[in-house]
Amino acid sequence: MRKAISVKEAADLIPDGTSVMFGGFLGVGSPERLFDALAARGVKRLTIIGNDTARPGVGVGKLIDAGCVTRVIASHIGTNPATQKKMIAWEIDVELVPQGTLAERIRAGGSGLDGVLTPTGVGTTVAEDKRVLEIDGADYLLEAPIRADFALLHAHEADYFGNLTYRLTAANFNPVMAFAADCVIAESDHIVPVGVIPPDAVRTPGVLVNHLVGRAC
Amino acid sequence: MDAKEVITRRVALELRDGMLVNLGIGLPTLVAAYVPDGMHVAFQSENGIIGFGAPPPQGMEDPNLTDAGGGFISALPGAIAFDSVTSFALIRGGHVDMTVLGGLQVDSKGRLANWMVPGKIVPGMGGAMDLVTGAKRVIVAMQHSAKGAPKIVEELTLPPTAARRVSLIVTELAVIEPAEDGLALRERAPGVEIEEIVANTGAKLSIPAHVPEMALIAD
């Protein structure tokens, strides 16, 4: 069993200059309360890893707005003009990764695999400076695993073992990221007693979760 | 009928019963409105759902039920939701029968460019590179030219989305099929002459003796 901590206590665990992966697809399934607390504290020089940078004022866009971020690894930044502006001004360094490759690189990082061989990106700018391996006549890129210091997740339900469930399209990158960070912090819509979530319904095993964020109050 | 409607009504004829289809953001999304009666097509959105439908009535949206463009959708009976790893295993693993994507350029090798314009817009590739690499069929649905400049060109001047040759190009003027030896003109839009297609195409087209007028799906 673990005790839920306040959102401020959770944000205070994250020092300046660390790497943070976060769930969410255009803000859907993102830990909004954790982002609010991090922006309020004014954390600096974060590397953020996620599908996209949402929009100004939404999801991880709040951290972009507040100047907390110096590096982004994402598949898409087109919906957030602030990210593009800061990229052009050299305030943020952006690495664009194909969405499926991003998912698999994170999966590799969390599951003891030292790389991914994928056909995605062969013959494109994504292949620059990467090893191309020919296997049985087809070319594949060798993509490196991705891990982070912290993973910030958003779940639908959590119990006090840290078991998590997700709703509909709000799962996205959350389940895979739970494996790939040294410290996993989960924010959820509901915290329920242990035993309430049926074992088959648990999508993220609680053993992966280090901290639960308590109910909003 | 405007250009977009011609394109979407022609692309809809590529749908087959039982297909799993991924529609790109923008023009391709409109194809969903033209699924023929009695045909069952499952639509995937790469943020993690198969079996979504039109946006629900205003006020009945679920914040956790959106498409890859962030728009609210509904879940049809039998819909399933999954995470990004599963979603791209479906895409990269060849389980998606067809994807319909917009295009900035297609060249004589059938290579598609649709994710960035250097020095102008760098939105990121999102799922486009995986879709073009992994879907069984890749249909490019786009206007034939942009501000008078051909989008079908001999050699891409924009960064390619994948090395793979796309399956079919559908524009408001023509249906063009990329093959090993170049681009073949397959169909012309209603009322469009071959000369007009050639004049608006920046790559060599092989033109068979008979180029039928394209059929368009009815309402």
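Look up: the structure comes first, before these words.
Predicted, not measured: the structure shown is a model, and the values here were computed from it. (Residues numbered from 1 in each chain as written. Chains lettered and ligands numbered in written order. Predicted model: local features only at pLDDT ≥ 70, side-chain atom pairs only at ≥ 80, totals over all residues.)

Caption draft 1: Structural view of the overall build of chain B. Tallying secondary structure elements over chain B gives four helices and 15 strands in all. For 219 residues, the compact-globule estimate of 2.2 N^0.38 gives 17 Å, and the C-alpha radius of gyration of chain B, at 17 Å, lies within 12% of that figure. In terms of principal-axis extent, the alpha carbons of chain B reach across some 50 × 40 × 30 Å. Burial status across chain B gives 44% buried among its 219 residues. Within chain B, counting contacts between residues at least 6 apart in sequence, those at least 24 apart form 65% of the total. (Helix = DSSP H or I, 4+ residues; strand = E, 2+ residues; numbered from the N terminus. Rg over C-alpha atoms; globule rule 2.2 N^0.38 Å. Buried ≥ 20, exposed ≤ 12 C-beta atoms within 10 Å, placed from the backbone. Contact = placed C-beta atoms within 7 Å.)

Caption draft 2: Inspection of the overall build of chain A at higher detail. For chain A, the helix and strand inventory stands at six helices and 11 strands. Scaling as 2.2 N^0.38, a compact globule of 217 residues should have a C-alpha radius of gyration of about 17 Å, and chain A matches this with 17 Å. Along the longest, intermediate and shortest principal axes, the C-alpha atoms of chain A span 55 × 40 × 25 Å. Across chain A, the fraction of contacts at a sequence separation of at least 24, relative to all contacts at a separation of at least 6, is 71%.

Caption draft 3: How the structure looks around the nonpolar core. Core analysis: the largest hydrophobic core is formed by 117 residues, its most contacted members being Met21, Leu34, Ala151, Met177 and Ala186 of chain A together with Val140 of chain B. For this core, the element with the most residues is strand β8 (residues 148-159) of chain A, which contributes seven residues. What Val140 of chain B contacts, discounting residues up to four positions off in sequence, is Leu101, Gly103, Val106, Leu112, Val166 and Ile169 of chain B. (Core = buried A, V, L, I, M, F, W, Y, C linked by C-beta atoms within 7 Å.)

Caption draft 4: Examining the interface of chain B and chain A more closely. Contacts between the two partners involve 32 residues from chain B, matched on the other side by 34 residues from chain A. Per-element tally for the side of chain B that touches chain A: the top contributor is helix α2 (residues 84-92) of chain B, with five residues.

Caption draft 5: Summary view of the sheet that holds strand β8 (residues 137-141) of chain B. Residue and element names in this part refer to chain B. Judged by pairing direction, the sheet is mixed, and its 10 strands sit side by side in the order β4-β3-β2-β1-β5-β8-β12-β13-β14-β15 without closing on themselves. Unpaired on one side and paired on the other, β4 (74-81) and β15 (205-206) mark the two borders of the sheet. One ladder, built from two bridges, connects strand β12 (residues 168-170) with strand β13 (residues 174-179); its direction is antiparallel. Of the residues in β13, the one forming a bridge with Ile169 is Ile176. (Pairing = 2+ DSSP bridges.)

Caption draft 6: Looking closely at the environment of Asp17 of chain B. All names here are of chain B. Following the sequence through the fold, Asp17 ends up in the loop between α1 (3-11) and β1 (20-23). Taking the C-alpha atoms as reference points, Asp17 and Val35, 18 residues apart in sequence, are found 9.5 Å from one another. Discounting chain neighbours no more than four positions away, the residues touching Asp17 are Met39 and His40.

Caption draft 7: How the structure looks around the sheet that holds strand β5 (residues 116-118) of chain A. Residue and element names in this part refer to chain A. The sheet built from three strands is open, its strands ordered β5-β7-β6 with antiparallel pairing. Two strands in the sheet have a free side with no partner beyond their single neighbour: β5 and β6 (132-135). Direction aside, neighbouring strands of the sheet carry axes that sit 40° apart on average. By the bridge criterion, three bridges tie β5 to strand β7 (residues 138-143) in an arrangement that is antiparallel. Opposite Val116, over in β7, you have Glu143 as the bridge partner. (Axes fitted to C-alpha atoms, helices over the stretch in contact; angles between N-to-C directions.)

Caption draft 8: Representation of α1 of chain B within the structure. The complete set of buried residues in α1 of chain B reads Val6, Ile7, Thr8, Arg9, Arg10 and Val11 of chain B. Where α1 of chain B is buried, its residues meet β5 (98-101), β8, β12 and β13 of chain B.

Caption draft 9: Quick look at the environment of Arg147 of chain A. Residue and element names in this part refer to chain A. Examined against the element boundaries, Arg147 turns out to sit in the loop between β7 and β8. In sequence terms Arg147 and Arg55 are 92 residues apart; their C-alpha atoms lie 24 Å from each other. Not counting residues within four places of it along the chain, the set of residues in contact with Arg147 comprises Gly109, Ala180 and Ala181.

Caption draft 10: Structural context of the pairing of strand β3 (residues 49-53) of chain B. All names here are of chain B. When strand β2 (residues 42-45) meets β3, the two strands line up antiparallel, connected through two bridges. Across the sheet, Gln44 pairs through a bridge with Ile50, a residue of β3. Adjacent in sequence and paired antiparallel, β2 and β3 are bridged by three residues, among which Gly48 carries a positive phi angle near 125°. Summarising the sheet, β3 and β4 pair through four bridges and their orientation is antiparallel. Looking at the pairing, Phe52 lines up with Ala75 of β4.

Caption draft 11: Structural context of the pairing of β7 of chain A. Residue and element names in this part refer to chain A. Judged from the four bridges that link them, β6 and β7 form a sheet pairing that is antiparallel. Note on β7: the bridge partner recorded for Ile135 is Ala138. Hairpin connection from β6 to β7: two residues lie between these consecutive antiparallel strands, with Asp136 at a positive phi of about 50°.

Caption draft 12: Seen up close, unusual backbone geometry. Its identity is not glycine, yet Leu168 of chain A carries a phi of approximately 45°, on the positive side. Among the secondary structure elements, Leu168 of chain A is positioned in the loop between β9 (164-165) and α6 (174-177). Judged by local crowding, Leu168 of chain A falls into the buried class, with 23 C-beta atoms found within 10 Å. Despite not being glycine, Lys147 of chain B shows a phi value in the positive range, around 50°. For Lys147 of chain B, the position within the fold is in the loop between β9 (145-146) and β10 (149-150).

Caption draft 13: Main features of the packing of helix α5 (residues 99-110) of chain A against α2 of chain B. Direction vectors running N to C along α5 of chain A and α2 of chain B enclose 125°, while the axes themselves pass 9 Å from each other. If you check the angle between α5 of chain A and α2 of chain B, you find them oblique. Here α5 of chain A and α2 of chain B pass one another in a crossing that is left-handed. Contacts between α5 of chain A and α2 of chain B involve Gln99, Gly100, Ala103 and Arg107 of chain A on the former and, on the latter, Ser84, Val85, Phe88, Ile91 and Arg92 of chain B. In terms of residue class, the contact of α5 of chain A with α2 of chain B is built from four nonpolar, three polar and two charged. (Parallel < 35°, antiparallel > 145°, perpendicular 65-115°, else oblique. Left-handed = near helix turned anticlockwise from the far one by under 90°. Nonpolar A, V, L, I, M, F, W, Y, C, P; charged D, E, K, R; others polar.)

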